[in-house]
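Structural overview
Given next are the chains, with one letter for each unit.
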Amino acid sequence: MGTQESDEQRTAGGGTGRRALLGAAVLGAGGAVLGLPGAARAADARHGGGRGGGLKSLPVPTVIGHRGASGYRPEHTFGSYELALDLGADIVEAGDLVPTRDGHLVCRHEPEIGGTTDVAGHPEFADRKRTKLLDGVSTTGWFTEDFTLAELKTLRATERIPANRPHNTLYDGRWEIPTFEEVLRWQDEQTRKRGRQVWIYPELKHPTYFRKLGLGTEERLAKLLRAHGKDRKNSPVIVQSFEPTSIQRMSKLVRNPLAVLLSGAGSRPWDFVETGDPRTTADLVTPRGLKEIASYAQGIGPTLDLIVPKDSAGRLTEPTTLVRDAHRAGLVLHPYTMRNENPFLPAEFRKGGDADAYGDAFGAFRAYFATGIDGIFTDNPDTGVLAREDFVNG
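What this report covers is the structure whose coordinates are included nearby. (Residues numbered from 1 in each chain as written. Predicted model: local features only at pLDDT ≥ 70, side-chain atom pairs only at ≥ 80, totals over all residues. Heavy atoms only, no water.)

Here we have four strands laid out as an open sheet, ordered β7-β2-β1-β13, and parallel in their pairing. Every other strand in the sheet has two partners, leaving β7 (199-200) and β13 (375-378) as the edge strands with one partner each. Bridge analysis of strand β2 (residues 91-92) against β7 gives two bridges, and the strand direction is parallel. Each bridged residue has a counterpart across the sheet, and for Ile 91 the counterpart in β7 is Trp 199. (Pairing = 2+ DSSP bridges. Helix = DSSP H or I, 4+ residues; strand = E, 2+ residues; numbered from the N terminus.)

Written out as structure tokens, the structure is:
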């Protein structure tokens, strides 16, 4: 999720204080699973549905593990995905899909993998480093489309934002890059193991960019979903993309629930830029724009700032009408992304002077849940589950 997430560019300037709340948060999620007071309704909702029930079987608000439990493990690894389930996530965002040179879909935040793998330490791939124009942005590094799957499998995942999450670097090098076909098999294994339907929420990354390279990703994804019998209306796989035309293309290939991701109000989806469509995200979130989206998708994934804007000091202001307008159009809203660390929270929920420390994440969750959203992406699923229990139980 979220090439367009501006907050991801912010990393703490050198703060390395340990988070006493980390252990408490993980412990708290275990308490919820064990059925401590307040957990019953959310847990029952989570475990009672999902088997063929479609989107309506999910609890509201739905807790979505953003790239797994990426607050605690390097993102888009099976370690991160499984921990998200252990911590109570209703859905795991597994994964952001990008292709290899030989056409396999793999799970990486971006096609550039210098920041999420140990590729820079592999001298045999030194000559693969190059500069490319990725959706209009000059980007230097190593790109998945320049590697075969066999070559990518020799790499290991690393923490993407070590300045904010030095504790995650403990796990650098432990896991390889998963393919999406491996994720689909993992989903079935985890469903059997846990006795409940496991949901996943893959994202098609930069589909226009890859289509121009002859590596169209929608058809590859649809083929995999069909091969695994997960291409139906009630299949536990929600497909998302920041490019509306990509979701329109998917709507003609599969019957899965689909969601259009929405960045800042002034931004333009890259497929619109390429085709000369002058509309911005602000046009898409009008009642007319939402009605159009509802003609081919079941949901939207707006940035949280589209739900509740911030003022110049980074504090929350009044909610917009987006939740009401989207619901009137028949769309569910799964905004992104809640993180526990101070730099990623609205200003009024930051605590202390340690830039890496946890702030009042529960307060921020409560503020966003109160708007009526249907779910939320979070790097810390355990915190999200506990916050939901507090919210549901008053």
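Okay, the packing of helix α3 (residues 78-86) against helix α5 (residues 180-194) next. The description of two helices packed together rests on the angle between their axes and the distance between the axes. Where α3 contacts α5, the axes come no closer than 12 Å and their chain directions differ by 30°. Comparing the axis directions of α3 and α5 gives the class roughly parallel. Note on packing geometry: the crossing formed by α3 with α5 is right-handed. Contacts from Phe 78, Tyr 81, Glu 82, Leu 85 and Asp 86 in α3 reach Glu 182, Val 183, Trp 186, Gln 190 and Arg 194 in α5. Looking at the contact of α3 with α5 residue by residue, the classes come out as five nonpolar, one polar and four charged. (Axes fitted to C-alpha atoms, helices over the stretch in contact; angles between N-to-C directions. Parallel < 35°, antiparallel > 145°, perpendicular 65-115°, else oblique. Left-handed = near helix turned anticlockwise from the far one by under 90°. Contact = heavy atoms within 4.5 Å. Nonpolar A, V, L, I, M, F, W, Y, C, P; charged D, E, K, R; others polar.)

Attention shifts here to the pairing of strand β1 (residues 62-65). Taking every second residue as pointing to the same face, both faces of β1 are buried, with Thr 62 and Ile 64 on one and Val 63 and Gly 65 on the other. Pairing analysis gives two bridges linking β1 to β2, with the strands arranged parallel. Bridge assignment links Ile 64 to a residue of β2, and that residue is Ile 91. For the handedness criterion, the β-α-β arrangement of β1, α3 and β2 is classed as right-handed. (Buried < 20%, exposed > 50% of the residue type's maximum accessible area, 1.4 Å probe, protein only. Right-handed = clockwise from strand over helix to strand, strands pointing away.)

End to end, helix α15 (residues 381-392) covers 16 Å across 12 residues, agreeing with the expected 16 Å (1.5 Å per residue, within 8%). Inspection of α15 places Pro 381, Asp 382, Thr 383, Gly 384, Val 385, Leu 386, Ala 387, Arg 388 and Glu 389 among the buried residues, and these make up the whole buried set. One or two positions beyond α15, positive phi appears at Gly 394, with a value near 75°. (Expected span 1.5 Å × (residues − 1).)

On the secondary structure map, Glu 341 appears in the loop between β12 (332-333) and α14 (361-369). At 2.8 Å, the side chain of Glu 341 forms a polar contact with the side chain of Arg 165. (Polar contact = N/O pair within 3.5 Å; in protein donor to acceptor, adjacent residues only side chain to side chain.)

On to the packing of α14 against α15, then. Two numbers describe how α14 lies on α15: the axes approach to 9 Å, and their chain directions differ by 60°. In terms of axis orientation, α14 runs oblique to α15. The element α14 and its partner α15 pack so that their crossing is right-handed. Along the contact surface, α14 presents Ala 361, Phe 362, Phe 365 and Phe 369, while α15 presents Thr 383, Gly 384, Leu 386, Ala 387, Arg 388, Asp 390 and Phe 391. Tallied by class, the residues present in the contact of α14 with α15 amount to seven nonpolar, two polar and two charged.

Before going further, it helps to spend a moment on the packing of aromatic side chains. Tallied over the entire structure, the rule returns 10 aromatic pairs. Pairing Tyr 171 with Trp 175 gives two aromatic rings, centres 6.1 Å apart and planes at 25°, and the pair type is stacked. Aromatic side chains Phe 242 and Tyr 336 sit 5.9 Å apart centroid to centroid with 85° between the ring planes, which places their arrangement in the edge-to-face category. Placement of the pair is Phe 242 in the loop between β9 (239-241) and α8 (244-253) and Tyr 336 in the loop between β12 and α14, with a sequence separation of 94 residues. Taken together, the ring pairs in this structure connect Phe 78, Tyr 81 and Trp 186 into an aromatic cluster. A cation over an aromatic ring shows up here: Arg 73 above the ring of Tyr 171, its NZ or CZ 4.1 Å from the ring centre. The positively charged end of Arg 339 is found above the aromatic ring belonging to Phe 344, 5.1 Å away from the centroid. (Phe/Tyr/Trp six-rings, centres within 6.5 Å; stacked < 30°, edge-to-face > 60°. Lys NZ or Arg CZ within 6 Å of the ring centre and 35° of its normal.)

In strand β3 (residues 96-99), alternate side chains face the same way, and those of Asp 96 and Val 98 on one face and Leu 97 and Pro 99 on the other are all buried. Alignment of β3 against strand β8 (residues 203-204), held across two bridges, turns out to be parallel. Residue pairing for β8: Leu 97 is matched across the bridge by Leu 204. Where β3 meets strand β4 (residues 105-107), three bridges bridge the pair, whose relative direction is antiparallel. Looking at the pairing, Val 98 lines up with Val 106 of β4. Remark: five residues form the turn of the hairpin made by β3 and β4, two consecutive strands paired antiparallel; Gly 103 in that turn has positive phi of roughly 90°.

Scanning the entire structure with this criterion turns up 26 salt bridges. Lys 153 serves as the salt-bridge partner of Glu 182, at 2.9 Å between the closest nitrogen and oxygen. In this pair, Glu 182 sits in helix α5 while Lys 153 sits in the loop between α4 (149-152) and α5, placing the two residues 29 residues apart along the sequence. Take Glu 182: its relative accessible area is 21%, and that puts it in the partly exposed class. Residue class for Lys 153 comes out buried when judged on its relative accessible area of 18%. Its salt-bridge partner being Glu 218, residue Arg 211 comes within 2.6 Å of it at the nearest N-O pair. Given the relative accessible area of 31%, Arg 211 is considered partly exposed. (Salt bridge = Lys/Arg side-chain N within 4 Å of Asp/Glu carboxyl O.)

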